[in-house]
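# Observations on chain architecture
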Amino acid sequence: MKVLVVGGAGYIGSHTVYELVRAGHEVVILDNLSTGRMGNVHPQARFYAGDIRQIDDIIPVLAAETAVSPFDVTMHFAAKLIVPESLEQPLAYYENNVEGLRTLLEALVEFHIPRIVFSSTAAVYGQPADGICREEGQTNPISPYGETKLACERMIHWVASAYEMQYCIFRYFNVAGADASLEIGLDKDLLTWLVPLIMQTALGLREKFVVYGNDYDTPDGTCVRDYIHVTDLAQAHVLGAEYLLKTKESLIANLGSGSGYSVREVLDAALELFDFPYEYGDRRPGDPDRLIADTTRAKEVLGWQPKLDLRSMLESDYNFRKRLLEAKG
């Protein structure tokens, strides 16, 4: 199949491109490189620089590519995704996430590209009473980030209904790790995700690791989250796209491990591998106590099963960061 990947030079987008290429699919990337990097672009993918908020950036790409052969599916990874930042900059999140998707959908409708795989988030759930997130459960975001993603989900639903499109919406849980090749991973300057922050500390790039809050309503007082290796996540997207082509039915599914780890448990797992300093700090705003995925739907409908565990996430992220350091000399 031929796939347009917007945000394909970013962390999750680039890993998905790698899995698409490995599966024998044709890939076209559109990315404004605001957070993505050219070094993440797979050599077998065609790259176009452009911003999905600008219709004049999208139309020439679609026109040039569809003149040769049509796209089968679009994958959307081009979003702002930092919860604390969204609380400080809500307008920027609505402008990028919601308006960006609206503009992209306008172009997809014009060029009759009938399928989209969309990156959503567990943040749409807010804080379920039992901490288990189920697709059919209530959505009640507690951050602008979660609100914008839920607005995007609803927009996709109504646009698909009006224009005979199909969609696969994946609600992500905490993503970590790097590709086995170590050619790509999470290479960003401003990191807020747990595993890479710990690994930066283990490599001596940070003075100490800070656990934000130890007074949550959890067994050890630290937040409990569901963690998934980025490669497992990327492979789910390939299955999701293939599902849309095969069935022409839409789907919303969680992507996680189905089990949770507290921040303290992740920290302890890392301390078994590396020695580094840490301390406790204040809570961050917008963080719920517990979020764990019910992954039954993805397993039953897509036949998807995560294969890589927490240790794989820690080790691959560490090895990727070590490789970056060695390359910089």
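Residues numbered from 1 in each chain as written. Predicted model: local features only at pLDDT ≥ 70, side-chain atom pairs only at ≥ 80, totals over all residues. Heavy atoms only, no water.

## Regarding the overall build of the protein chain
The helix and strand tally for the protein chain stands at ten helices and 14 strands. The globule rule puts the C-alpha radius of gyration for 329 residues at 20 Å, and the 19 Å found for the protein chain is close to it. Taking the principal axes of the C-alpha coordinates as reference, the protein chain spans close to 55 × 50 × 40 Å. Burial status across the protein chain gives 54% buried among its 329 residues. Put simply, 78% of the contacts in the protein chain that link residues at least 6 apart link residues at least 24 apart. (Helix = DSSP H or I, 4+ residues; strand = E, 2+ residues; numbered from the N terminus. Rg over C-alpha atoms; globule rule 2.2 N^0.38 Å. Buried < 20%, exposed > 50% of the residue type's maximum accessible area, 1.4 Å probe, protein only. Contact = heavy atoms within 4.5 Å.)

## Points about the side chain of H42
With respect to the helices and strands, H42 occurs in the loop between β2 (26-31) and β3 (46-49). A residue is classified by how much of its surface remains accessible, and H42, at 11% relative accessible area, is buried. Here the side chain of H42 touches Q44 through a polar contact of 3.0 Å, landing on its backbone nitrogen. (Polar contact = N/O pair within 3.5 Å; in protein donor to acceptor, adjacent residues only side chain to side chain.)

## Overview of helix α10 (residues 310-328)
Its 19 residues place the ends of α10 28 Å apart at the C-alpha level, agreeing with the 27 Å of an ideal helix rising 1.5 Å per residue. Buried within α10 are the following residues: L310, M313, L314, S316, D317, Y318, F320 and R321. Phi turns positive, to about 80°, at G329, one or two residues after α10. (Expected span 1.5 Å × (residues − 1).)

## Description of the sheet that holds strand β4 (residues 73-76)
Spatially, β3-β2-β1-β4-β5-β7-β11 is the arrangement adopted by the seven strands of the open sheet, whose pairing is parallel. Bordering the open sheet on either side are β3 and β11 (251-255), each of which pairs with just one other strand. Neighbour-to-neighbour, the strand axes of this sheet turn through a mean angle of 20°, independent of strand direction. Two elements, strand β1 (residues 2-6) and β2, share five bridges in a ladder whose sense is parallel. What sits directly across from V5, in β2, is I29. (Pairing = 2+ DSSP bridges. Axes fitted to C-alpha atoms, helices over the stretch in contact; angles between N-to-C directions.)

## Things to note about the packing of aromatic side chains
Applying the stated rule across the entire model yields two aromatic pairs. Pairing F274 with Y318 gives two aromatic rings, centres 4.1 Å apart and planes at 25°, and the pair type is stacked. You can see F274 sitting in the loop between α8 (263-273) and β13 (278-281) and its partner Y318 sitting in helix α10, a full 44 residues away along the chain. There is no split in this pair, since F274 and Y318 are both buried. A cation sits over an aromatic face here: K2 above F71, 4.8 Å from the ring centre. (Phe/Tyr/Trp six-rings, centres within 6.5 Å; stacked < 30°, edge-to-face > 60°. Lys NZ or Arg CZ within 6 Å of the ring centre and 35° of its normal.)

## Notes on the packing of helix α6 (residues 194-202) against α8
Running from N to C, α6 and α8 point in directions that differ by 35°, and their axes come no closer than 11 Å. Here the hand of the crossing between α6 and α8 comes out right-handed. Counted together, L194, V195, I198 and M199 of α6 and V263, V266, L267 and A270 of α8 form the full contact between these two elements. For the contact of α6 with α8, the class distribution of residues is eight nonpolar, no polar and no charged. (Left-handed = near helix turned anticlockwise from the far one by under 90°. Nonpolar A, V, L, I, M, F, W, Y, C, P; charged D, E, K, R; others polar.)

## Some points on unusual backbone geometry
Across the chain, the bulk of peptide bonds are trans and the bulk of non-glycine residues have phi less than zero. One non-glycine residue, L33, lies in positive phi territory at about 60°. According to the relative accessible area criterion, L33 is partly exposed, its value standing at 31%. Positive phi, normally seen in glycine, also occurs at L182, with a value near 65°.

## As for the environment of Y94
Mapped onto the elements, Y94 comes out in helix α4 (residues 90-110). Judged by relative accessible area, which is 37%, Y94 ranks as partly exposed. C-alpha separation for the pair Y94 and D56, spaced 38 residues apart in sequence, amounts to 20 Å. Beyond its immediate stretch of four places on either side in the chain, Y94 contacts E99, E147 and T148.

## Digging into helix α2 (residues 55-66)
With twelve residues, α2 should cover 16 Å at 1.5 Å per step; its first-to-last C-alpha distance of 16 Å lies within 8% of that length. Residues of α2 that are buried include every one of I58, V61, L62 and E65, and no others. Relative to the axis of α2, the buried residues are bounded by an arc of 95° and lie together on one face. Those residues of α2 that are buried lie in contact with β1, β2, β3 and α4. (Arc of directions from axis to C-beta.)

## Describing the pattern of salt bridges
Counting across every chain of the model gives 18 salt bridges. One salt bridge in this structure joins R102 and E106, with 2.9 Å as the shortest N-O distance. With R102 and E106 both in helix α4 and four residues apart, this pair spans about one turn of that helix. For R102, a relative accessible area of 36% gives the class partly exposed. (Salt bridge = Lys/Arg side-chain N within 4 Å of Asp/Glu carboxyl O.)

## Remarks on the pairing of strand β7 (residues 166-172)
Of all seven residues in β7, seven are buried; the element is thus mostly enclosed. Here β7 shows two buried faces, one formed by Q166, C168, F170 and Y172 and the other by Y167, I169 and R171. Direction of pairing for strand β5 (residues 115-121) relative to β7: parallel, over a ladder of seven bridges. Residue pairing for β7: R115 is matched across the bridge by Q166.

That's the geometry; what it means functionally is another story.
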